[in-house]
Amino acid sequence: MSAGPKRYSTNQAILAIIIAVFSLSLGDAIIKNSAHAMPVWQMLILRSAVTIPVLWWLAWRNGAGRFRVSRWVILRSTLLALMWLSYYVSLSLMPLSIAAATYYTGPLIIVALAALVAGRWPNLLTSLAVAAGFLGVVLVIQPNLSDFRFATLLPLLSAFFYAVAMIVTAQKCLDDDPFLLAMMLNVALVFTCLCLAGIAGSPGSYALGPWQEMDLALAGTVLVLALLILIGGVGAAVAYQNGPPATIAAFDYCFLVFNILWGALFFAEWPGSVAWIGIGLIAGAGLLALPRKTKRTGPGS
């Protein structure tokens with residue numbers, strides 16, 4: 001007998017995504033606040049060292065079995081590792097809200113890439129959303145051509161890596177265990193950061209600074225970051241498994257609100273009036289580009 005359509009638990013899913021983005025955005029603020037104490041490559045190695053055993057246990061309990069890892073999982077993990085590195089480095093170079101808003105062009109880039117892969121441009125409404133989103137990026141970043149720095153594009157590069165990774169996930173990794181995917185991402189982060197360790201050692205550099213001796217305060221920071229990334233990752237999985245994707249994606253944009261809040265509380269950072277317009281355009285464009293079809297016909301749909 002075939003299983004009937006799965007019923008959404010929308011309220012539970014909305015709560016889960018809000019908790020997830022709250023945790024992830026708070027982790028971003030803590031990482032930015034710790035930039036002077038620990039280089040990003042060291043922080044990611046230590047955070048992943050804590051989370052990998054937990055994710056392995058969750059994958060084992062979820063029935064991932066022999067942990068088959070395909071080349072597509074490796075590609076996806078590498079892309080997401082580059083995404084996190086680009087985004088976290090950008091946090092030390094710009095206000096939290098600006099980096100987060102630029103990063104949230106990822107869904108719009110996914111729309112554009114998916115259309116490119118399919119060989120068919122999306123409808124007029126979605127096309128306008130993509131255009132509005134990238135206009136928002138320009139207003140948020142406000143590039144100065146006379147004093148242009150590549151670093152200002154890091155969150156946009158991060159969004160691009162995320163978009164490509166999600167296309168790979170949708171096309172090639174749909175049947176892979178989500179906890180296994182999360183574990184492999186952390187393995188890729190460790191490998192990538194160990195490669196960076198070979199060229200690290202620049203005093204004062206957030207990206208390539210030397211390894212810092214651990215004290216109780218730094219150890220506590222790493223444990224908190226590991227807990228927050230686990231809550232965020234599991235919360236997002238629960239949300240998208242139990243609620244209409246369009247509804248959950250809309251609440252996903254609470255990430256921007258939380259990052260503006262943490263930026264104000266931790267660093268006294270407030271977006272300027274032009275940046276506020278850009279943030280509004282990005283958020284509105286992302287919501288406009290969301291798929292309208294949310295009905296689930298069955299577990300295999």
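Not measured: the values here are computed from a predicted model. (Residues numbered from 1 in each chain as written. Predicted model: local features only at pLDDT ≥ 70, side-chain atom pairs only at ≥ 80, totals over all residues. Heavy atoms only, no water.)

1. A word on the confidence of the model for the chain
Of the residues in the chain, 87% have a pLDDT of 70 or more, and the chain-wide mean is 81. Contacts of residues 294-301 to residues separated by more than four positions or lying in other chains number 14 contacts, the stretch itself having pLDDT below 50. (pLDDT = per-residue confidence, 0-100. Contact = heavy atoms within 4.5 Å.)

2. So, the environment of Phe267
Note on placement: Phe267 falls in helix α11 (residues 254-267). On the basis of relative accessible area, Phe267 is assigned to the partly exposed category, the value being 23%. Expressed as a C-alpha distance, the spacing of Phe267 and Pro95, which sit 172 residues apart in the sequence, is 8.4 Å. Among residues more than four places away in sequence, those in contact with Phe267 are Ala29, Lys32, Asn33, Leu96 and Trp262. (Helix = DSSP H or I, 4+ residues; strand = E, 2+ residues; numbered from the N terminus. Buried < 20%, exposed > 50% of the residue type's maximum accessible area, 1.4 Å probe, protein only.)

3. Examining the packing of aromatic side chains
Counted under the stated rule, the structure contains 13 aromatic pairs. Relative to Tyr253, the ring of Tyr104 lies with its centre 5.1 Å away and its plane at 70°, an arrangement referred to as edge-to-face. One end of the pair, Tyr104, is in the loop between α4 (96-103) and α5 (106-118); the other, Tyr253, is in the loop between α10 (245-252) and α11, and 149 residues separate them in sequence. Summarising the burial analysis for this pair, Tyr104 and Tyr253 share the class buried. With a centroid separation of 5.8 Å and 40° between ring planes, the pair formed by Phe266 and Phe267 is classed as tilted. Accessibility expressed as a relative area gives 34% for Phe266, which makes it partly exposed. Put simply, the rings of Trp84, Tyr87, Tyr88, Tyr103, Tyr104, Tyr162, Tyr253 and Phe255 pair up and form one aromatic cluster. The residue whose ring lies beneath Lys32 is Phe267, and the NZ or CZ to ring-centre distance is 5.3 Å. (Phe/Tyr/Trp six-rings, centres within 6.5 Å; stacked < 30°, edge-to-face > 60°. Lys NZ or Arg CZ within 6 Å of the ring centre and 35° of its normal.)

4. A few points about unusual backbone geometry
With a phi angle near 55°, Ala268 is a residue other than glycine that sits in the positive phi range. Summarising the element assignment, Ala268 is placed in the loop between α11 and α12 (273-288). The class of Ala268 is exposed, set by a relative accessible area of 65%.

5. Re α11
Taking 1.5 Å per residue, 14 residues should reach 20 Å; α11 reaches 19 Å between its end C-alpha atoms and fits that length. Those residues of α11 that sit buried are Phe255, Leu256, Phe258, Asn259, Ile260, Trp262, Gly263 and Ala264. Looking one or two residues past α11, Ala268 carries a phi angle of roughly 55°, positive in sign. (Expected span 1.5 Å × (residues − 1).)

6. Observations regarding the packing of helix α3 (residues 71-91) against helix α7 (residues 154-172)
For the pair α3 and α7, interaxial distance at closest approach is 8 Å and the crossing angle is 160°. Taken as axis vectors, α3 and α7 run roughly antiparallel relative to one another. With respect to the hand of their crossing, α3 and α7 are arranged in left-handed fashion. Counted together, Trp72, Leu75, Arg76, Leu79, Leu80, Leu82, Met83, Ser86, Tyr87, Val89 and Ser90 of α3 and Leu154, Pro155, Leu157, Ser158, Phe161, Tyr162, Val164, Ala165, Met166, Val168, Thr169 and Lys172 of α7 form the full contact between these two elements. Classifying every residue of the contact of α3 with α7 by side-chain character gives 17 nonpolar, four polar and two charged. (Axes fitted to C-alpha atoms, helices over the stretch in contact; angles between N-to-C directions. Parallel < 35°, antiparallel > 145°, perpendicular 65-115°, else oblique. Left-handed = near helix turned anticlockwise from the far one by under 90°. Nonpolar A, V, L, I, M, F, W, Y, C, P; charged D, E, K, R; others polar.)

7. Quick notes on the nonpolar core
In terms of nonpolar packing, the biggest core is built from 73 residues, with Met43, Leu44, Tyr87, Tyr88 and Leu256 touching the most fellow members. Ranked by residue count, the leading element in this core is α3, at eleven residues. Not counting residues within four places of it along the chain, the set of residues in contact with Tyr87 comprises Asp28, Ala99, Ala100, Tyr103, Ser158, Phe255 and Asn259. If you look at the next biggest cluster of nonpolar residues, it comprises five residues, including Ile109, Leu113, Ala159 and Ala163. (Core = buried A, V, L, I, M, F, W, Y, C linked by side-chain atoms within 4.5 Å.)

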